[in-house]
Structure formats: structure tokens, C-alpha cells
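A structural walkthrough
Listed below, chain by chain, are the residues.
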Amino acid sequence: RLHTYAMKKFADLLERDGETVGHGDALHSRAGRYINNLRRSGQIGEYSEKIAKSAVQVCEQFNHVRNKQSLAHDNTILGVAEGRYVFETVLSLLRFIKALDEAKFGR
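Described in the following lines is the structure provided in the data block. Note on numbering: residues in each chain are counted from 1, in written sequence order. Side-chain atom pairs in this predicted model are given and counted only at pLDDT of 80 or more, local residue features only at pLDDT of at least 70, and totals for whole chains, interfaces and linings cover all residues. Side-chain measures were taken over the full set of non-hydrogen atoms in the model, leaving aside hydrogen atoms and water.

**Re the overall build of the protein chain**
For clarity, the cut-off: Secondary structure is summarised from DSSP: a helix means a run of H or I of at least four residues, a strand means a run of E of at least two, and numbering begins at the N terminus for each. The rule is simple: take the accessible area with a 1.4 Å probe, protein chains only, and divide by the maximum for that residue type; under 20% is buried, over 50% is exposed, in between is partly exposed. A 1.4 Å probe and the Shrake-Rupley method give the accessible areas. Residues count as covered only by the protein chains that appear here.
Looking only at helices and strands, the protein chain features five helices and zero strands. Relative to its full complement of 107 residues, the protein chain shows a buried share of 36%. For the protein chain, the accessible surface area stands at approximately 6,700 Å², while carbon and sulfur atoms represent 51% of it.

In C-alpha cells form, the structure reads like this:
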């Protein structure tokens with residue numbers, strides 16, 4: 001469910017910035033584009049951008065985890081600690097973005 005939420009949230013945020021979002025865009029692509037927008041607009045600095053981009057790399061693997069190592073399909077699930085770490089990393093990125101612009105995020 002977090003993957004679906006993050007996909008929809010980044011699509012909404014990008015569209016609010018006037019960007020087109022394709023149905024086939026991957027989560028890491030959407031998140032990376034939004035981070036780039038934050039940097040260009042001066043809402044985040046160089047260090048925050050680097051940290052956020054590392055979280056975007058986790059988003060790239062999140063789709064694989066969702067499809068191959070979760071209960072979303074008939075799979076052997078990821079270990080509890082690893083699953084929690086992936087979940088918390090993606091959630092941390094979303095919390096950071098929400099803290100930057102609560103009004104745009106909250107809709």
C-alpha cells in the first residue's frame with residue numbers, strides 16, 4: 001500500500017508543479033523528478049538533495065521488494081528488519097517532503 005500511495009503522491013506533486021506524469025513512470029523516476037524540482041526552486045540545498053536522492057534509490061528497489069518479496073503476490077517475504085528499513089526509508093522521504101510544503105502535500 002505504501003508503494004501505491006507514494007506513486008499517487010509523487011504524481012500529484014509533480015502535476016501541481018505543472019509536469020506531466022505518465023502511467024508507466026516508475027516510483028524512483030517520479031520521486032527523482034520531484035527532488036530535482038525542489039532543488040531547482042531552492043527549497044532544498046545540496047546536502048538534502050544528496051540524502052533525498054539516496055532515498056530515491058531505495059524507491060527504485062521498493063518496486064522489486066513489493067513485487068518479489070512481499071505479500072502483494074505469492075512470494076517469499078522480506079525479513080521483518082529489512083522490510084521495516086525499506087518502509088521507514090520511503091516514509092522518511094515522504095515526511096521530509098511534507099515538512100517542506102505542508103499545503104501542497106496535504107491535499
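**Observations regarding the packing of helix 1 (residues 2-16) against helix 2 (residues 27-40)**
Short version of the rule: Interaxial angle, 0 to 180 degrees, is taken between N-to-C directions of lines fitted to C-alpha atoms, where a helix line uses only the stretch in contact. Any angle from 65 to 115 degrees is called roughly perpendicular, while one under 35 is roughly parallel, one over 145 is roughly antiparallel, and all others are oblique. Note on convention: near helix rotated counterclockwise from far helix by under a right angle means a left-handed crossing. Clockwise means right-handed. It only takes one pair of heavy atoms within 4.5 Å for two residues to be counted as in contact. Put simply, Ala, Val, Leu, Ile, Met, Phe, Trp, Tyr, Cys and Pro go in the nonpolar bin, Asp, Glu, Lys and Arg in the charged bin, and everything else, Gly too, in the polar bin.
Running from amino to carboxyl end, helix 1 crosses helix 2 at an angle of 40 degrees, the nearest separation of the two axes being 9 Å. On the basis of the axis angle, helix 1 is oblique to helix 2. Once helix 1 is placed against helix 2, the crossing between them reads as left-handed. Together, H3, A6, M7, K8, F10, A11, L13 and L14 of helix 1 and L27, R30, A31, R33, Y34 and N37 of helix 2 make up the contact between the two elements. Partitioning the contact of helix 1 with helix 2 into residue classes produces nine nonpolar, two polar and three charged.

**With respect to helix 4 (residues 80-100)**
Using the following cut-off: Residue count minus one, scaled by 1.5 Å, sets the expected span of a helix.
Between its terminal C-alpha atoms helix 4 stretches 30 Å, which fits the 30 Å expected from 21 residues at 1.5 Å a residue. Regarding helix 4, the residues found buried are V86, T89, V90, L91, L93, L94 and I97.

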